[in-house]
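Chain and residue survey
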Amino acid sequence: MSEHDYDLFVIGGGSGGVRAGRLVASMGHKVGIAEEYRYGGTCVIRGCVPKKLMVYASHFKESFEDAKGFGWNVGERDFNWSTLIANKDSEISRLEGMYRKGLSNAEADIFDTRAVLEGKNHVRLINDNQVVSAKRILIAVGGTPWRLDELPGSDLCITSDEVFHLTQQPRSIVIFGGGYVAVEFACIFAGLGTKTTLIYRGDKILRGFDVDLRETLRDEMAKKGIQIVLETIPEHVSQNRQGDGDLKIALSNGEKIYADQAMLAVGRKPLTDQLGLELAGVELKPSGHIIVDEYSRTSAENIWAVGDVSDRVPLTPVAIHESMCFIETEFKNNPTIPDHDLVASAVFSQPEIGTIGLGEDEAVEKYDKLDVFLAKFRPMKHALSGRDEKMLMKIIVCGESDTVLGVHVLGEGAGEMSQLLAIALKSGAKKSDFDRTMAVHPTASEELVTMYEPSYRIKGGKRIG
Ligand code: NDP
C-alpha cells in the first residue's frame, strides 16, 4: 500500500496535463487530475481549435469572390454568426468529452475543481473541500490573457477568452497587440465582414518573425481592408452613446476610434497566483512563470511543471512533448530532456504564415556569412481569381556550412508546409539537399526546391549583392 493517495496528481486539464494524466494512468499508476474550467485547456476550449474553426469560416468570403474567375456564379451570401458559434461550441464540447473519456478509460480520477498545493505532497481540491496526497505532482495550469489593467477602461475590452462567446458579430472591432492572437483575430473578423483596426505599439507587426514575413503580411492585411495603426497604444477606452460604435478608444497618436468591441491581445501571463506554490517550495521567475530545470523539474524535487506555466515555448505541441519527456524521465527510467530547438509554427493569418528556424535578423547576429533565397510571386490560383495577393518564400542558409538555418513561407498552405520543412531542418538539411530534391509540379511549394541562386548574400551583417 502506497503512503500517498496518488502516484501522480496533475493540476490543470489542458494539453500537457491531460496527456501526462492519461498516459501515466494507462501504465497502471494511480493518477488524479483537477481542472477548474473545462478539460481540453486553452488550446481546445478557447484557443487553437475554436480559432481555426473561425479561420475556416472567415475564408469563405474570399473563396466566394475568387470563384467568379473560375466561372462560378455565387448568388446571395449571408453570414450567420450564431450558427458559427453554435456549431463551434458543439465541436468543442465533443472534443472536451474525448479528453475526459481518455482519462476515464485510463482510470484516472477526474476532479472538476480548482486545486491548490498545501505543501510538497498535498493538494487541496477546493470544491470538494478535500486534501489528497501525491508522490509526484505535475503543474500544467497554463496561462491567461493579460488584461492590461493599467489601461483606463480595460474592463470594457474583451480578450481571447471572451471572443469565442460573443452573442453578436461586432460591426467593428479594434484589436490591441501585434502578436499571434492579434493578427489572427484581425484576419478572422475582417474575413467575416467586421470593420477591423489593429493597433500595435511597434513599427512592424509580429516581432520575432522574419522581417519579410512581417512586412509582406502587413501589406496583404492592408489590402484586405484591415486598418493597421503602428507605433500607437490605446490610452483610454470608454462607453460611447452615439451611433458609430459602443466604445470610444482614445489613442496615443491623438486620434479617437469608435467600435463595437475592443479586444486586448497583448500577451498572456502564467496562472500561478494563489496556487500554494510557496508552501511547496516551488520558485517563480519575476514574470510569475515556474522555474524548471532542463527535465521540467521545479525547485521542489517531486513537483514538475510543463507547458505555458513554465517560460519555454508557449505552444500546444511543446507542452505535450514536455509531458512525454516527463513520463520518460520519471515513469520509464529514461531521463529525457525536451527538445526546444527548431520548433516550427504557423500563424493563421490571411495569408497564413509557416515558419521554422532563424529569421534574417537573428541569423545575422549568429552567422558571419549568409545566403538568402527569396521569392515573392502571385500564386497560380490568382491568375484566374484576379486577386492581388502575393506569396512569399524565403530560405536562409549558412554561407559557410550550406546548412539551412530558416525557412519562412507566407501564403496558402504555409502552415502545412512548415510541418514538413521542420522534418528537413531537424534532419540537418543543407541547401544542396533542397536543390537535389525534385519539384512537385504544379504546386506553390516547388519554389522551395527551385531557388538555385541566392537573391543576395550577407557578410558581417551587410548585404554584398
Ligand atoms: P504575443 O506575445 O504573441 O503578442 C503580444 C503582443 O502584445 C505583442 O505584439 C506585444 O508587443 C504586445 N504588447 C505587449 N504588451 C503590451 C502593452 N503593454 N501595450 C501594448 N501592446 C503590448 O501574445 P499573444 O497573446 O498574441 O499569444 C500568446 C502566445 O500564444 C504566443 O506567444 C503563442 O506562443 C501562442 N499562440 C500561438 C498561436 C499559433 O500557434 N498559431 C496562436 C495564438 C497564440 P511587442 O511585440 O512590442 O512586445
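Attention here is on the structure that accompanies the text. A quick note: this is a predicted structure, and the numbers were derived from the prediction, not measured.

So, how was this worked out
- Residues numbered from 1 in each chain as written.
- Predicted model: local features only at pLDDT ≥ 70, side-chain atom pairs only at ≥ 80, totals over all residues.
- Heavy atoms only, no water.
- Core = buried A, V, L, I, M, F, W, Y, C linked by side-chain atoms within 4.5 Å.
- Buried < 20%, exposed > 50% of the residue type's maximum accessible area, 1.4 Å probe, protein only.
- Helix = DSSP H or I, 4+ residues; strand = E, 2+ residues; numbered from the N terminus.
- Contact = heavy atoms within 4.5 Å.
- Polar contact = N/O pair within 3.5 Å; in protein donor to acceptor, adjacent residues only side chain to side chain.
- Near = heavy atom within 4 Å.
- Areas by Shrake-Rupley, 256 points an atom, 1.4 Å probe, with all protein chains shown as cover.

Our focus in this paragraph is the nonpolar core. With 39 residues, the main nonpolar core has Ile175, Phe185 and Met221 as its most contacted residues. Where this core is concerned, the elements lending two or more residues are helix H3 (48–67), helix H4 (81–105), strand S8 (172–176), helix H5 (180–191), helix H6 (211–223) and strand S17 (345–347). Among the elements that make up this core, the one with the highest residue count is H5 (eight residues). Residues within four places of Ile175 in sequence aside, it is in contact with Ala182, Phe185, Ala186, Phe189, Thr196, Thr197, Leu198, Ile199, Met263 and Ala265. In this structure, Ala34, Ala280, Ile290 and Ala305 belong to the second largest nonpolar core, which totals 23 residues.

This brings us to unusual backbone geometry. The amide bond that connects Gln350 to the next residue, Pro351, takes the cis arrangement and shows omega of 0°. Mapped onto the fold, Pro351 is located in the loop between S17 and strand S18 (353–357). If you check the backbone angles, Glu231 has positive phi at about 50° while not being a glycine. Note on placement: Glu231 falls in the loop between strand S10 (227–229) and strand S11 (234–239).

To continue, consider the environment of Glu118. Within the element layout of this structure, Glu118 appears in the loop between strand S4 (115–117) and strand S5 (122–125). Each C-alpha atom of the pair Glu118 and Glu278 lies 9.2 Å from the other, and the pair is 160 residues apart in sequence. Other than its neighbours up to four places away in sequence, Glu118 contacts Val123, Arg124, Val131 and Leu279. Of the polar contacts made by the side chain of Glu118, one reaches the side chain of Arg124; its length is 2.6 Å.

What follows is about the site of the ligand. Among the 19 residues in the neighbourhood of the ligand, the closest are listed as Val181, Arg201, Arg207, Pro314 and Ala346. Interatomic distance of 2.9 Å between a backbone N/O atom of Gly178 and an oxygen atom of the ligand. Compared with its free state, where it exposes 910 Å², the ligand has 78% of that area covered by protein. At three residues, H5 tops the list of elements feeding residues into the shell around the ligand.

These values are about where atoms sit, not about what they do.
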